[in-house]
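As a plain string of letters, each chain reads:
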Amino acid sequence: MDFTKYIEAVDSEVAEIIKDEVQRNKETLLMIASENYADEAVLQAQGSVFTNKYAEGYPTKRFYQGVGNSDRVEQLAIDRAKQLFGAEHANVQPNSGSQANQAVYLAMLQPGDAILGMNLAAGGHLTHGAAASSSGKLYKAHAYSVNKDTYTLDYDEIAAAAKEVKPKIIVAGASAYPRKIDFKKFREIADSVGALLMCDIAHYAGLVAAKLYPDPVPYADFVTTTTHKTLKGPRGGMVMCKEKYAKQINSAVFPGLQGGPLMHVIAAKAICFKEAMTPAFKDYQQQVLKNAQALAAELLKKGYKILTGGTDCHMILLDLRPNKINGRDSARALEEAGITLNKNGVPFDTESPFVTSGIRIGTPAITARGMKEGEMKLIADWMDQVLKNMDDAALKLKVLREVKSLCAKFPIYEK
Ligand code: DSN
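Residues numbered from 1 in each chain as written. Predicted model: local features only at pLDDT ≥ 70, side-chain atom pairs only at ≥ 80, totals over all residues. Heavy atoms only, no water.

Details of the site of the ligand
Thinking step 1. Inspection of the region around the ligand gives Ser-34, His-125, Ser-175, His-203, Lys-229 and Arg-360 as its neighbouring residues.
Thinking step 2. Here an oxygen atom of the ligand and a side-chain polar atom of Ser-34 are 2.7 Å apart.
Thinking step 3. Here His-203 contributes a side-chain N or O atom positioned 2.7 Å from an oxygen atom of the ligand.
Thinking step 4. In isolation the ligand has 230 Å² of accessible area, and contact with the protein removes 63% of it.
Thinking step 5. Class assignment of the residues belonging to the shell around the ligand gives a composition of no nonpolar, four polar and two charged. (Near = heavy atom within 4 Å. Polar contact = N/O pair within 3.5 Å; in protein donor to acceptor, adjacent residues only side chain to side chain. Areas by Shrake-Rupley, 256 points an atom, 1.4 Å probe, with all protein chains shown as cover. Nonpolar A, V, L, I, M, F, W, Y, C, P; charged D, E, K, R; others polar.)

The following block contains the structure:
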């Protein structure tokens, strides 16, 4: 794909930067669990003339003229999202997962109402009630954590917390939790205190669509997601809900939070949902899972401490405290060796969020290149070499070269 054909003539500086980013995409291992490679069709839709269009409102009820094609493409995205996830209603306009979550709060809460979500430090997301986010500033946010010994969700503790704080909304979902979330249990807990249930599946959406991860749709009042992580679509968000909340959610997204929807991104979301209904997508998700489990097994064999002992999804959390190294330095050293992932706090971490005691590893993007279990073994070996010799510049250069040559065998964006 030619990413800079028209840019070069207009702005050589931006063209240069984009070329460098294309090279980084092609020649290094993208292993940030929340990232993926959107395919050429998705990228083309995002760069389409729909970027020119204002279409405030919803299909057939817009505030602008010239919206016939916008109506067609947004309705297609809505219908496909509903079909893909079996949802009663879908709003495909949120520009991000954060805005999708904010829309649910805006629709259902008054400032000062109580919410109960997973602690950011235990693997939750900023928008699940963290103090620095509007969800923690506008609402009375309470948090549940994970069990101190197993690092898994303790549903009895969550139920007890719900009884105590009587939240109006309980949030299930996480950014750094490698195990299955029992959404049915969350529904029972929500019902026991008369709370609404919002499930944020931003990380797991692709696996949910492929039926490889628990499905929250039958249990949740609201399901929010991003479309660019395991779902492999354009950068963006979405809210799904029961039909009885459709009007409130739509009003919260527009005009409550956003103005004109990004029609070019909505066109790309429609493509992503179509692709996610294919057998090839299911095969891909199956391999994402197999690769994560293979990589976790290899790292375990090498003596690393994997939080919860493994994974049920696309991500692995490594606790580096036994290795006497921190997340920040490890992530930097691995990046120098061509392996990009992110530092991550472990539950009950005593290091600051800028340092952290762990790293988060993801397999969606490397799987999109076609890599399988054999390559996971190689990657585990390289990670091990680098983590044991983080100051060895020659070793990092050697691994960087090996990574580049592996990437060349699994090309991306060569069409
Ligand atoms: N920033 C995303 C992640 O990396 O998990 C969540 O929004």
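Brief notes about the nonpolar core
Thinking step 1. Counting 74 residues, the largest nonpolar core has Phe-85, Leu-153, Phe-186 and Leu-231 as its most contacted members.
Thinking step 2. Here the element with the most residues in this core is helix α11 (residues 263–276); it accounts for eight residues.
Thinking step 3. Those residues in contact with Leu-153 that lie beyond four places of it in its chain are Met-118, Tyr-144, Ser-145, Val-146, Ile-158, Tyr-177, Ile-181 and Phe-186.
Thinking step 4. Counting residues in each nonpolar core, the second largest holds 36 residues, with Leu-299, Ile-306, Ile-361 and Ile-379 among its members. (Core = buried A, V, L, I, M, F, W, Y, C linked by side-chain atoms within 4.5 Å. Buried < 20%, exposed > 50% of the residue type's maximum accessible area, 1.4 Å probe, protein only. Helix = DSSP H or I, 4+ residues; strand = E, 2+ residues; numbered from the N terminus. Contact = heavy atoms within 4.5 Å.)

Focus: the sheet that holds strand β12 (residues 315–319)
Thinking step 1. Judged by pairing direction, the sheet is antiparallel, and its four strands sit side by side in the order β11-β12-β15-β14 without closing on themselves. Pairing within the sheet leaves two strands with one partner each, and these edge strands are β11 (305–306) and β14 (342–344).
Thinking step 2. In the sheet, β11 pairs with β12 via two bridges, with the strands oriented antiparallel. Across the sheet, residue Ile-306 finds its bridge partner in β12, namely Leu-318. (Pairing = 2+ DSSP bridges.)

A few points about unusual backbone geometry
Thinking step 1. Pro-255 follows Phe-254 through a cis peptide bond whose omega is 10 degrees.
Thinking step 2. Examined against the element boundaries, Pro-255 turns out to sit in helix α10 (residues 246–257).
Thinking step 3. The backbone of Thr-60 sits at a positive phi, close to 70 degrees, despite the residue not being glycine.
Thinking step 4. Note on placement: Thr-60 falls in the loop between β2 (57–58) and β3 (61–62).

Here's the deal with a nonpolar patch on the surface
Thinking step 1. On the surface, a cluster of nonpolar side chains totalling about 370 Å² of accessible area is made up of Tyr-54, Phe-63 and Tyr-64.
Thinking step 2. Using a relative accessible area of 49% as the deciding quantity, one classes Tyr-54 as partly exposed. (Patch = residues over 30% accessible without salt bridge, like charges linked within 9 Å, V, L, I, M, F, W, Y side chains within 5 Å. Salt bridge = Lys/Arg side-chain N within 4 Å of Asp/Glu carboxyl O.)

Some points on the pairing of strand β8 (residues 196–200)
Thinking step 1. Counting buried positions along β8 yields five of five residues, so the element is predominantly enclosed.
Thinking step 2. Neither face of β8 is open: one carries Leu-196, Met-198 and Asp-200, the other Leu-197 and Cys-199, and all of them are buried.
Thinking step 3. With five bridges joining them, strand β7 (residues 169–173) and β8 adopt parallel strand pairing. Among the inter-strand pairings, Ile-170 is bridged to a residue of β8, identified as Leu-197.
Thinking step 4. Taking the sense of rotation as the criterion, the β-α-β connection linking β7, helix α8 (residues 183–193) and β8 turns out right-handed.
Thinking step 5. Relative to strand β9 (residues 222–226), β8 runs parallel, the two being bridged by three bridges. Along β9, the bridge assignment pairs Met-198 with Phe-222. (Right-handed = clockwise from strand over helix to strand, strands pointing away.)

Considering the packing of aromatic side chains
Thinking step 1. Summed over all chains, the structure comprises 11 aromatic pairs.
Thinking step 2. Between Phe-222 and Tyr-245, the aromatic rings sit 4.7 Å apart at their centres with planes inclined by 40 degrees, giving tilted as the arrangement. Pair noted here: Phe-222 is in strand β9 and Tyr-245 is in the loop between β10 (237–241) and α10, with a separation of 23 residues, a long-range link.
Thinking step 3. Grouping aromatic residues by their ring pairs yields a cluster made of Phe-3, Tyr-37 and Tyr-413. (Phe/Tyr/Trp six-rings, centres within 6.5 Å; stacked < 30°, edge-to-face > 60°.)

Observations concerning the side chain of Thr-4
Thinking step 1. Inspection of the secondary structure puts Thr-4 in the segment before α1 (7–10).
Thinking step 2. For Thr-4, a relative accessible area of 4% gives the class buried.
Thinking step 3. Those residues in contact with Thr-4 that sit more than four places away from it in its chain are Ala-15, Ile-18 and Lys-19.

Considerations on helix α16 (residues 393–409)
Thinking step 1. Helix length check: α16 (17 residues) gives 25 Å between terminal C-alpha atoms against 24 Å at 1.5 Å per residue, within 8%.
Thinking step 2. The inward-facing, buried residues of α16 abut α2 (12–27), β1 (29–30), α13 (327–336), β13 (339–340) and α15 (373–388).
Thinking step 3. Sitting at the head of α16, Asp-392 places a side-chain oxygen 3.2 Å from the backbone nitrogen of Ala-394. (Expected span 1.5 Å × (residues − 1).)

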